[in-house]
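So you can see what is in the structure, the chains are spelled out below.
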Amino acid sequence: MSLPDYTLRYLGAHFFVRGWLSANNVLFADGGEQGAAVVDSGYVSHGAQTLALLEHALAGRPLARIYNTHLHSDHCGGNAALLRRWPQARLSVPAGYAPHLRPWDARGLGFHAMDQRYEPFEAHGFLEAGQTVRLGTRDWEVHATPGHDPDAVVLFEPDSHTLISGDALWEQRLAIIFPELAGESGFEAAQRALDLIERLAPRLVLPGHGEAFTDVSAALAASRRRLEGFMAAPEKHHQYAARALVTYHLLEHRALRREALQRWIVQTPVLRRAPGEHATGEHATGEHALRFAEETVARLIADGVLSEEGGWVRMAG
């Protein structure tokens, strides 16, 4: 039995690897007196699929608790659907989001900036660094990992050295550092998050996207190289973010007219800031923004990520 399979069995966890539109889910079907719990709930349009996965694994047991590593739409989009299905369940999110949830503030949460769909939900509790939460039969530590998102957290089980990393650490890629797209500092915080993960020394990482992995040193080294490259040339991070968000947009919409996709890039607030102008807070002019949008789509087509036929652009393959 592989280390990931053995550890998941030891922890009583089910690890559901989803496509990029939905973040992965970690389900603890047997939570003892506190009940079953799930970490992250996927994207809103995958709500029915998320429900089916959880219902099958729960085998008639109710879901009692929902936790989010952070409130990006691919990690929290299924919250409302899960709470409708299990109305007695209680949702806990990182504490930094509290001002935007009571009352609900979609703009403050960043959904408008990324032009991604969402369904409002009510949080019942908040996660803070230094807390522990009971998942399955083990206590998991809550650690703050700003960078990708200023309020994000990870969950760490110290006995098995297992990390639920959200988007703080992936095996082969680096998540977008969203504060940098808003003209704020984020690269240094992302470095500190990687340093924290290195100090925790996980043996198994359950990431927000991609398969579980054990070569944590290699993943940390790769993330640091990419981060250092972005710090040296912030415009490359802007281009990287545009490619990732355009791909994500097409995963949801399947196919768009090329002109409509380019217009979406120009109009989406998180991509509107001019590359290299983060420190000044300036935004791209209309001409520059359109040229950037055209170049982004053309490059994705040339690289084989997207395909175009009859003026329609969709994911290649």
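Please refer to the structure placed before this passage.
Here is a short report on the structure shown in this document. Residue positions are counted from 1 within each chain, in the order its sequence is given. Local features in this predicted model are restricted to residues of pLDDT 70 or higher, and side-chain atom pairs are both shown and tallied only at a pLDDT of 80 or more, whereas totals for entire chains, interfaces and linings draw on every residue. Processing note: side-chain calculations cover all non-hydrogen atoms of the structure and skip hydrogens and water entirely.

**Structural notes on the nonpolar core**
Part 1 of the argument: Nonpolar cores are built from buried Ala, Val, Leu, Ile, Met, Phe, Trp, Tyr and Cys residues. Side-chain atoms within 4.5 Å join them into one set. Burial classification: accessible surface area is computed with a 1.4 Å probe over protein chains only, and a residue below 20% of its type maximum counts as buried, one above 50% as exposed, and the rest as partly exposed. Counting 43 residues, the largest nonpolar core has Leu169, Ile176, Leu261 and Ile265 as the members making the most contacts within it.
Part 2 of the argument: Helical segments are the DSSP runs of H or I of at least four residues, strand segments are the runs of E of at least two, and each set is numbered from the N terminus. Elements with a contribution of two residues or more to this core: strand 9 (153-157), helix 8 (178-181), helix 9 (187-200), helix 10 (216-232), helix 11 (234-253), helix 12 (258-267), helix 13 (269-272) and helix 14 (286-302).
Part 3 of the argument: For this core, the element with the highest residue contribution is helix 11, accounting for seven residues.
Part 4 of the argument: Here, two residues are considered to be in contact whenever any of their heavy atoms come within 4.5 Å of each other. With sequence-adjacent residues up to four places away left out, Ile265 is seen in contact with Val246, Leu271, Phe292, Ala293, Thr296 and Val297.
Part 5 of the argument: Of all hydrophobic cores here, the second largest spans 27 residues; its members include Ala29, Val38, Leu51 and Ala89.

**Regarding the packing of helix 10 against helix 11**
Part 1 of the argument: To define axes, lines are fitted to C-alpha atoms, for helices over the stretch in contact only, and angles between the resulting N-to-C directions are given on a 0 to 180 degree scale. One way to put it is that helix 10 packs onto helix 11 with a least axis distance of 5 Å and a crossing angle of 115°. Contact residues: Phe230, Met231 and Ala232 in helix 10; Pro234, Lys236, His237 and Tyr240 in helix 11.

**Considerations on a nonpolar patch on the surface**
Part 1 of the argument: Surface patches are defined over residues having more than 30% relative accessible area and no salt bridge, joining like charges when they lie within 9 Å and nonpolar side chains (Val, Leu, Ile, Met, Phe, Trp, Tyr) when within 5 Å. Residue exposure ignores everything except the shown protein chains as possible cover, and the areas themselves are Shrake-Rupley values with a 1.4 Å probe. Any Lys or Arg side-chain nitrogen located within 4 Å of an Asp or Glu carboxyl oxygen qualifies as a salt bridge. A surface patch of nonpolar side chains, amounting to about 450 Å² of accessible area, comprises Met1, Leu3, Tyr6 and Tyr10.
Part 2 of the argument: Residue placement: Met1 occurs in the segment before helix 1 (3-11).

**Quick notes on the sheet that holds strand 12 (residues 255-257)**
Part 1 of the argument: Ordered in space as 12-14-13, the three strands form an open sheet in which the pairing is antiparallel. One side of each edge strand has no neighbouring strand; the edge strands of this open sheet are strand 12 and strand 13 (306-309). Adjacent strand axes in the sheet meet at a mean angle of 30°, parallel and antiparallel pairs treated alike.
Part 2 of the argument: Two strands pair under a simple rule: DSSP has to find at least two bridges between them. Alignment of strand 12 against strand 14 (residues 312-315), held across three bridges, turns out to be antiparallel. Paired with Leu256 across the strands is Val313, a residue of strand 14.
Part 3 of the argument: Relative to strand 12, helix 12 is tilted by about 90°, and along the sheet it contacts strand 12, strand 13 and strand 14.

**As for the packing of aromatic side chains**
Part 1 of the argument: In summary, the pairing rule links any two rings of Phe, Tyr or Trp, Trp by its six-membered ring, whose centres are within 6.5 Å, and it sorts them by plane angle into stacked for under 30 degrees, edge-to-face for over 60 and tilted for everything else. The tally for this structure, following the rule as stated, stands at eight aromatic pairs.
Part 2 of the argument: Here the aromatic rings of Trp20 and Trp170 are separated by 5.1 Å at their centres, their planes lie at 75°, and the arrangement is edge-to-face. Highlighted residues: Trp20 in the loop between strand 1 (13-16) and strand 2 (25-28) and Trp170 in the loop between strand 10 (162-166) and helix 8, separated in sequence by 150 residues.
Part 3 of the argument: Centre to centre, the rings of Tyr43 and Tyr248 are 5.7 Å apart; their planes meet at 85°, and the pair counts as edge-to-face. Pair noted here: Tyr43 is in the loop between strand 3 (36-39) and helix 2 (47-58) and Tyr248 is in helix 11, with a separation of 205 residues, a long-range link. The same class applies to Tyr43 and to Tyr248, which are both buried.
Part 4 of the argument: Site record: aromatic cluster; members linked through ring pairs are Trp104, Phe111, Tyr118 and Phe121.
Part 5 of the argument: One Lys or Arg, Arg173, reaches over the ring of Trp20 and ends 4.8 Å from the middle of that ring. Remark: a charge is flagged as sitting over a ring if the NZ atom of Lys or the CZ atom of Arg is within 6 Å of the ring centre and within 35 degrees of the ring normal.

**So, the pairing of strand 14**
Part 1 of the argument: Pairing analysis gives four bridges linking strand 13 to strand 14, with the strands arranged antiparallel. Bridge pairing in strand 14 places Leu306 opposite Met315.

**Describing unusual backbone geometry**
Part 1 of the argument: Omega for the peptide link from Arg102 to Pro103 comes to 5°, which places this bond in the cis form.
Part 2 of the argument: Within the secondary structure, Pro103 is located in the loop between helix 5 (98-101) and helix 6 (106-109).
Part 3 of the argument: Phi at Ala59 is positive, roughly 50°, even though this residue is not glycine.
Part 4 of the argument: By the secondary structure assignment, Ala59 is in the loop between helix 2 and strand 4 (63-67).
Part 5 of the argument: For His161, which is not glycine, the phi torsion reads 55° and is therefore positive.
Part 6 of the argument: Tracing the backbone shows His161 in the loop between strand 9 and strand 10.

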